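A closer look at the structure
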Number of protein chains: 2
Amino acid sequence: MFTYSRLLVHTVLGGLRAHCVRTRSSTLTLSQGRLWVNPQTRLWSCSRTQTPNTGPSSLSFRTHTCGELRSDHVGEKVTLCGWVQYLRQDLFIILRDFSGLTQILIPQEESPNDLKAVLCDLTVESVIMVRGTVTRRPAGQENKNMLTGEIEVLAENVEIFNVSKKLPFEIKDFVKKSESLRMQHRYLDLRSSQMQKNMRLRSELVMKMREYLCNVHGFVDVETPTLFKRTPGGAKEFIVPSREPGRFYSLPQSPQQFKQLLMVAGIDRYFQMARCYRDEGSKPDRQPEFTQVDIEMSFVDQSGIMSLVEGLLQYSWPAEKGPIQVPFQTMTYEEAMRGYGVDKPDTRFNMKLIDLSEVFSSTEIEFLRSALAQPGGSVQAICVPSGAELSLVLVRADGSLKSPLKKLLSVSATDDLLQTTGAKPGDLVLMAAGSLHTRPLLGNLRLQCAELLNSRGVTLRDPSVFHFLWVVDFPLFLPKDDEPEQLESAHHPFTAPLPEDTPLLYTEPHKVRGQHYDLVLNGCEIGGGSIRIHKASEQLHVLKNILREDPSLLSHLLEALDSGAPPHGGIALGLDRLVSIMVGALSIRDVIAFPKSFRGHDLMSQAPDFVSEEDLNCYHISVKWPPDKSTRW
Amino acid sequence: MFTYSRLLVHTVLGGLRAHCVRTRSSTLTLSQGRLWVNPQTRLWSCSRTQTPNTGPSSLSFRTHTCGELRSDHVGEKVTLCGWVQYLRQDLFIILRDFSGLTQILIPQEESPNDLKAVLCDLTVESVIMVRGTVTRRPAGQENKNMLTGEIEVLAENVEIFNVSKKLPFEIKDFVKKSESLRMQHRYLDLRSSQMQKNMRLRSELVMKMREYLCNVHGFVDVETPTLFKRTPGGAKEFIVPSREPGRFYSLPQSPQQFKQLLMVAGIDRYFQMARCYRDEGSKPDRQPEFTQVDIEMSFVDQSGIMSLVEGLLQYSWPAEKGPIQVPFQTMTYEEAMRGYGVDKPDTRFNMKLIDLSEVFSSTEIEFLRSALAQPGGSVQAICVPSGAELSLVLVRADGSLKSPLKKLLSVSATDDLLQTTGAKPGDLVLMAAGSLHTRPLLGNLRLQCAELLNSRGVTLRDPSVFHFLWVVDFPLFLPKDDEPEQLESAHHPFTAPLPEDTPLLYTEPHKVRGQHYDLVLNGCEIGGGSIRIHKASEQLHVLKNILREDPSLLSHLLEALDSGAPPHGGIALGLDRLVSIMVGALSIRDVIAFPKSFRGHDLMSQAPDFVSEEDLNCYHISVKWPPDKSTRW
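The record in UniProt for chain A states the following under Sequence similarities (unreviewed entry): "Belongs to the class-II aminoacyl-tRNA synthetase family. Type 1 subfamily."

In structure tokens, the structure reads:
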């Protein structure tokens, strides 16, 4: 029987050879049933071509990846592994791996191992190993569009690892396929150069973030449980039955409670790439599980967290995307709503909301008058530059309006309107009058106009620009939709009030602003955080007297705050969203290896799936089938 | 209203000041209701004492941690934040944070801010910030047992962040408390210096592992779903009801299928610190969720993975634990069972199993004869050095045996026995005769003897030694316990056979050895992996013809293997177990921030918890209460 004698060999030959010896020599190769055109090659390759000690080809059968050979390598013996991308005229194979493509030259002369016949029989997407010599392509045959276009590899030996059957779609970037087909065969879809790039960029980004947090700022990576207990109001939490009748775990929407408890525990600086769960049924572009960069610090204020996050993004930002400037722009919630009609403004372009209430303060136009008379009533507008492209209401070249309003407006009112909005000929002015919803309505129109203009060739937003923005000073509480007398947390019940607003907690809580900060990138909210309440009495007041929640559900947190809690705060960044904006993906599904469909299905494995009654028994649950299954399905 | 003018300020003063400006000056401090003994201090501290740009005190209220001040710092103004560890004679406060302790000197003279009265009123574990000057301790009052024992800090200002109530136990290393009390108040338990150390060592280890995998060997960190589908035989998988009647997700025991699919997808080198789930009810020292270092590579053989893991552990091993030697010792399954009676031998000490079948081949002793006559029958022994400490069967100083066997053994047989076992006076020889279970029995006794000897002061195993061992060439299939004619996978159905054993798959599958490797540390299995089957036909044969599983449950994997699958293999290391051995913890609960109890409960939050019928409705399930609740509880 084969005996491992690595220790001895290692000493004599050094680390590299030890690796070869463990391969159990060439007999292994043969008995494994692989088609080794030249079975001696493997042993020889161990002693002749060197696998690098580090980098993407270390410890591997190959010596190089398919993307790295250049004219410098001409004359070298190399071993490549990869997928057959094309076969060309029985002369060339294009071999692909994650790093790129290399042209393999098929020897045309007859050989004892019949290399040509073997290679020309291959199907695309078959997996092979090729050993050969790097040669310079004949003059005029270089391919400038290919990183390895100066060279080709003259094949000397080939091993066929696996022959591919005909696939449901070709692995070529120009081949369009439906998303459901992509999801069903995700292991093929991930072979595309774009998906390879997305997965690798994500991994590198996360690695840099960890370096920054751990190595630069002394953060501790702590894993928190995902089998937890329902949080108050946690209606969107998945549940997991336990073996005790009636008792369920809950998959948390975020490690919020744990990160605060870790601060009470003196961990001082915590972070985690935290898997979070949210059961929202089928909202577009939401995933039932997602990842957040979860951060919490003790003895810090809002500015400290904001600086940390700016440094984090600057440090980890991919070089290919160009540098980002810090500090980021900061805007209050009030400013954002006033200027953009939304709490996550896309500040890559202007087209801000303009208040025309003054212009129309003494207007005779009935609907504007009644709008202004409402509580909080106003007349708002946006001026769409080059809005003529959209051929709606607009300012003509002669300065007159093309609008149903025209005949209702005096000359001076028109002048006033044009001056206030700054509208120039060819611009479009969109106005809305009414109460509180006027601004969000125009805010939405503003984005739609930018989208429309874009589709007509007018670019307001440079797609290569990344514009970060902090939004601060949010209201701490908002009236409940269905019960406006009752307040609910704008974000969550643990957010501390602004110091200067703290006394209002006990008198006019609806006026309190929170120490909450949202991070917005190109009009998408990619993170949010706050300084937390660190005094038990204040937290109890918020839960019990303002939110009217049952504080006993959070008794462990309240007790922790009473046991020496430091001041603390943190943030959570949505990693999937951040990466998707970074790579310009339309959906976060393009930056997740195995995402779920809109309906929460894994189209590849058919999860979720039926479970037998028998398997449910140990969890003491049974399925309540709807009365008429056919009507549901 | 306060306006953020950071951009301007940043340009003028540089990054550090920007941080201060964002703090909103000292008015913030006052209105936040903190007891600032000298409210001017904060503003002043911004302009005078510098928070470092990097390291554990960056971006923080403090300038230094409680563990870092030395005599070099004498004369410096510093700000420390932490917990009150002791109050001594109204003269000193010992302030603690994660990094250590610092002595704070309370000024004794009367001051306008009445510092002494404020400080002497504090309870232990209250959280404060102290500003003061580092001074050298008077000669003779240095404390050599304290890293900061050369200095103390003369307090000038103090802010009290939170006053602690009386706690259920003291945060002192010498205070013993029950595990259930520790778990119930985990946020206090984590304040102990040992738990702080464990959490930080774990975080640093994981960071180094990531550096090695990503930066040295080009691995891609890919997150795989935890809401998945039941795997065949996945009886230990938690289930998660979906909103579709009767359909459930499953929380996977490992990302096995996903990592293989990622190889088919051309990801080439994957790793993940993967959260895994296993519902085993209440097995001691198991956790329903745990973490594995999950690795998979394409175009690699067993030796490649083994070298990778050796390099990984060497690179990430904490310096304080001393270097580890690679390559690790390797042993076949057969050798392990023969020499140690177990597939995860503790090779820190010898005391190997000795086969005495030869010695007793012509014995007249009836029970030995009948044992040897059985199929696979043998007589096995271990020789316990200094076994006299255990005062059982043993070898006397005169070379005679103290044993019931004595009168049955001839002089020559006794000599033979002593020679074969190498037993010396004072040693204990333990023998067992029988069939297949003889070795595991003695293997177990071997460990118990080492434990017993240890308790009597005879140390066989140096507690500071880490002995890694690879165990290889496991059988690929084992007979099922309840149905010995039927085979089941020794590890999992995806393990490839040894190349030389592959033909046996189709003829004598019970004889096939797998390309599986276990990593053992000090007698604990801390990892296992294999080269996987990469041909669909071979995988189908194993599932259908050998294991008699329904292959349709794995149709996505079979189809993937048929679509151009590269040869691949990998490993998973149990992170919790590895760290617990590293730090010498008795339980993996000591290296997990918020572990579950034996019964799978979170004693702090009382998870799992009851969920209302109403909340179960959307999942179309109901609880089947046991007929008589009282008998269960």
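Having seen the structure, we can now continue with the description.
What to know about the relation of the copies chain B and chain A
For the pair chain B and chain A, the relating rotation is 180°, the translation along its axis is 0.0 Å, and the fit reaches an RMSD of 0.1 Å. Both copies of the chain, as the preceding transformation shows, are related through a two-fold rotation axis. An overlap of 99% is found between the interface residues of chain B and their copies at the interface of chain A, pointing to a shared contact surface.

Focus on the interface of chain B and chain A
Contacts between chain B and chain A engage 163 residues on the former and 163 residues on the latter. Contact with chain A buries surface across chain B, with Tyr187(B), Glu223(B) and Phe299(B) losing the most and accounting together for 5% of the total. Linking chain B to chain A there are 16 salt bridges. Arg202(B) is paired through a salt bridge with Glu223(A); the nearest N and O atoms lie 2.7 Å apart.

Examining the sheet that holds strand E13 (residues 354-355) of chain B
Residue and element names in this part refer to chain B. Strand order in the open sheet formed by 3 strands is E13-E14-E17, and the pairing between neighbours is antiparallel. One side of each edge strand has no neighbouring strand; the edge strands of this open sheet are E13 and strand E17 (428-434). The strands that helix H14 (residues 438-455) touches are E13, strand E14 (378-384) and E17; relative to E14, the one it contacts most, it runs at about 10°.

As for a negative patch on the surface
Residues and elements named next belong to chain A. A surface patch of like charges, here negative, comprises Asp481, Asp482, Glu483, Glu485 and Glu488. When you line up the elements, Glu488 lands in strand E20 (residues 487-489). The exposure class assigned to Glu488 is partly exposed, which follows from its relative accessible area of 34%.

Quick notes on the side chain of Glu289(B)
Take Glu289(B): it is sitting in strand E11 (residues 289-298). Within the structure, the side chain of Glu289(B) is placed 2.9 Å from the backbone nitrogen of Thr226(A), a separation counted as a polar contact. In this structure Glu289(B) touches Pro225(A), Thr226(A), Leu227(A), Arg275(B), Cys276(B), Tyr277(B) and Lys596(B), once residues within four positions along its chain are discounted.

Regarding the packing of aromatic side chains
In total, this model carries 28 aromatic pairs over all chains according to the counting rule given. Residues Phe610(A) and Trp625(A) carry aromatic rings whose centres are separated by 6.3 Å and whose planes lie at 35° to one another, so their mutual orientation is tilted. Here Phe610(A), found in strand E24 (residues 609-610), pairs with Trp625(A), found in the loop between strand E25 (621-623) and helix H19 (629-632); they are 15 residues apart in sequence, far enough to count as distant. In this structure Trp625(A) comes out as partly exposed when scored by relative accessible area, which is 40%. Consider the rings of Trp317(B) and Phe466(B), whose centres lie 4.9 Å apart with planes at 75°: the pair is edge-to-face. Of this pair, Trp317(B) sits in the loop between helix H10 (302-316) and strand E12 (329-332) while Phe466(B) sits in the loop between H14 and strand E18 (468-472), placing them 149 residues apart in sequence. Across the pair, Phe466(B) and Trp317(B) agree in class, each one buried. Taken together, Trp317(A), Phe328(A), Phe466(A), Phe468(A), Trp470(A) and Tyr517(A) form an aromatic cluster joined through their ring pairs. We note Arg88(A) situated over the ring of Tyr86(A); from NZ or CZ to the ring centre the distance is 5.3 Å.

As for the nonpolar core
Core analysis: the biggest nonpolar cluster contains 114 residues, and Phe468(A) and Phe468(B) have the highest contact counts within it. Every residue in contact with Phe468(B), bar those within four places of it in the chain, is listed here: Leu313(B), Trp317(B), Ile324(B), Phe328(B), Gln329(B), Leu519(B), Val520(B), Leu521(B) and Ile526(B).

Some words on the pairing of strand E9 (residues 247-250) of chain A
In regular strands, side chains alternate between the two faces of the sheet. Relative to E9(A), strand E8 (residues 239-241) of chain A is paired through 3 bridges, and the arrangement is antiparallel. Bridge pairing in E9(A) links Val240(A) to Tyr249(A). Hairpin connection between E8(A) and E9(A): a loop of 5 residues separates the two successive antiparallel strands, and Gly246(A) in this loop has a positive phi of roughly 85°. In this sheet, strand E24 (residues 609-610) of chain B lies alongside E9(A) in antiparallel orientation, the contact comprising 2 bridges. In the strand pairing of E24(B), Phe248(A) is matched with Asp609(B).

Criteria and cut-off values
- Numbers given for residues are sequential positions, taken from 1 along each chain in its written order.
- Here every chain gets a letter starting at A, and every ligand a number starting at 1, in the order they are written.
- With pLDDT at 70 or above as the cut-off, local features in this predicted model cover only qualifying residues; side-chain atom pairs require 80 or more to be listed or tallied, and sums for whole chains, interfaces and linings still use all residues.
- Excluding hydrogens and water, the side-chain figures rest on all heavy atoms present in the structure.
- UniProt positions are given in the numbering used here, feature names are shortened, and annotations may be inferred rather than shown by experiment.
- Residues reaching a pLDDT of at least 70 in both copies supply the C-alpha atoms on which the copies are superposed by least squares.
- Whether two residues are in contact is decided by their heavy atoms, any of which lying within 4.5 Å being enough.
- Take the accessible area each of two parts loses on contact, using a 1.4 Å probe, and add the two losses: that sum is the buried area.
- Salt bridges are defined by distance alone: a side-chain nitrogen of Lys or Arg within 4 Å of a carboxyl oxygen of Asp or Glu.
- Pairing between strands is defined by DSSP: at least two bridges between the two strands are required.
- Think of it this way: any DSSP run of H or I at least four residues long counts as a helix, any run of E at least two long counts as a strand, and we number them from the N terminus.
- Whenever a helix is involved, its axis is fitted only over the stretch in contact; in every case the axis is a line through C-alpha atoms, and angles between N-to-C directions fall within 0 to 180 degrees.
- Patch rule: a residue counts if its relative accessible area is over 30% and it has no salt bridge; like charges are joined within 9 Å, and nonpolar side chains (Val, Leu, Ile, Met, Phe, Trp, Tyr) within 5 Å.
- To be clear on the numbers: accessible area is Shrake-Rupley with a 1.4 Å probe, and residue cover counts the displayed protein chains and nothing else.
- Charged residues are defined here as Lys and Arg on the positive side and Asp and Glu on the negative side; His and the ends of the chain fall outside this count.
- The atoms used to mark charge sites are NZ of Lys, CZ of Arg, CG of Asp and CD of Glu.
- Partly exposed residues are those whose accessible area sits between 20% and 50% of the maximum for their type, while under 20% is buried and over 50% is exposed, using a 1.4 Å probe and protein chains only.
- Polar contacts, as used here, are pairs of N or O atoms within 3.5 Å; protein pairs need one atom able to donate a hydrogen and one able to accept it. Residues neighboring in sequence count only if both atoms are side-chain atoms.
- Only Phe, Tyr and Trp rings are paired, with Trp represented by its six-membered ring, and only when their centres lie within 6.5 Å; those with planes under 30 degrees apart are stacked, over 60 edge-to-face, the remainder tilted.
- Either the NZ atom of lysine or the CZ atom of arginine qualifies as a charge over a ring when it sits within 6 Å of the ring centre and within 35 degrees of the ring normal.
- By nonpolar core we mean a set of buried residues, namely Ala, Val, Leu, Ile, Met, Phe, Trp, Tyr and Cys, connected to one another through side-chain atoms within 4.5 Å.

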